[in-house]
Amino acid sequence: MISIRSTADMTMALNSLLDPDLRRLLIERRDQLLGYDGYDLGELAHIIVAQNGDGLAAIEAEAGVPIATNLVTGDQLGQPDFEPCFEYVERHGGWLEAVLVLDDSGFGIVLLVPDRIDTDPALLGMLRRHR
């Protein structure tokens, strides 16, 4: 898992990434977020990039938010009426992006998940169903 909590973290991540789709997406999000003058990236978003072997529980622990639980209704992934609290889920090449805004300041979690067979099936299924 790659956890990006600051502009410095983003620079380190971009210097180490080989996947062109992911690299392009991270650069685009960095540039959008840094358009807000006077803020460090970490004041606006926590970007989490799931990697092979990262399960839903580990992603939730890193995010500090139960993303497989609807924060309003309490419904959980697997229950018939479950709807995640994501603002949106969107495909970018081989990646799925899910954004969860956590408070009125606009701070949010940006979750980037590879749409591959070796990705945690619960995580991948949740994002694919709610895109």
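Rules behind the numbers
Residue positions within a chain follow its written sequence, with the count starting from 1. A pLDDT threshold of at least 70 governs which residues receive local features in this predicted model, and a stricter bar of 80 or more applies before side-chain atom pairs are shown or counted, although totals over entire chains, interfaces and linings include all residues. Note that water and hydrogens are dropped before the side-chain values are worked out from all heavy atoms of the structure. For every residue, the accessible area obtained with a 1.4 Å probe (protein chains only) is divided by the maximum for its type, and the residue is called buried under 20%, exposed over 50%, and partly exposed between those limits. Each helix corresponds to a stretch of at least 4 residues labelled H or I by DSSP, and each strand to a stretch of at least 2 residues labelled E; elements are numbered beginning at the N terminus. Directions are taken from the helix axis to each C-beta atom, and the arc is the one they span. Here, two residues are considered to be in contact whenever any of their heavy atoms come within 4.5 Å of each other. Whenever a nitrogen or oxygen atom comes within 3.5 Å of another N or O atom, the pair is scored as a polar contact, on the condition that within protein one atom can donate a hydrogen and the other can accept it, and that pairs from neighbouring residues in sequence are kept only if both atoms are in side chains.

Asker: Looking at this structure, I do not really get helix α1 (residues 7–16). What am I missing?
Answerer: Because an α-helix packs 3.6 residues into every turn, residues spaced three or four apart end up facing the same way. Within α1, the full set of buried residues consists of M10, A13 and L14. Down the axis of α1, the smallest arc covering the buried residues is 95°, so these residues share one side. Exposed and facing more than 90 degrees away from the buried side of α1 are M12, N15 and S16. Next to the buried residues of α1 lie β1 (2–4), α2 (20–33), α3 (41–44) and β2 (45–49).

Asker: Sorry, what's going on with the environment of H130 here?
Answerer: Inspection of the secondary structure puts H130 in the segment after α5 (121–129). Along the backbone, H130 and E90 are 40 residues apart, and their C-alpha atoms lie at a distance of 9.3 Å. Apart from residues lying up to four places away in sequence, H130 is in contact with F82, E83, P84 and V89. Here the side chain of H130 touches E83 through a polar contact of 3.4 Å, side chain to side chain.

That is the geometry; function is a separate question.
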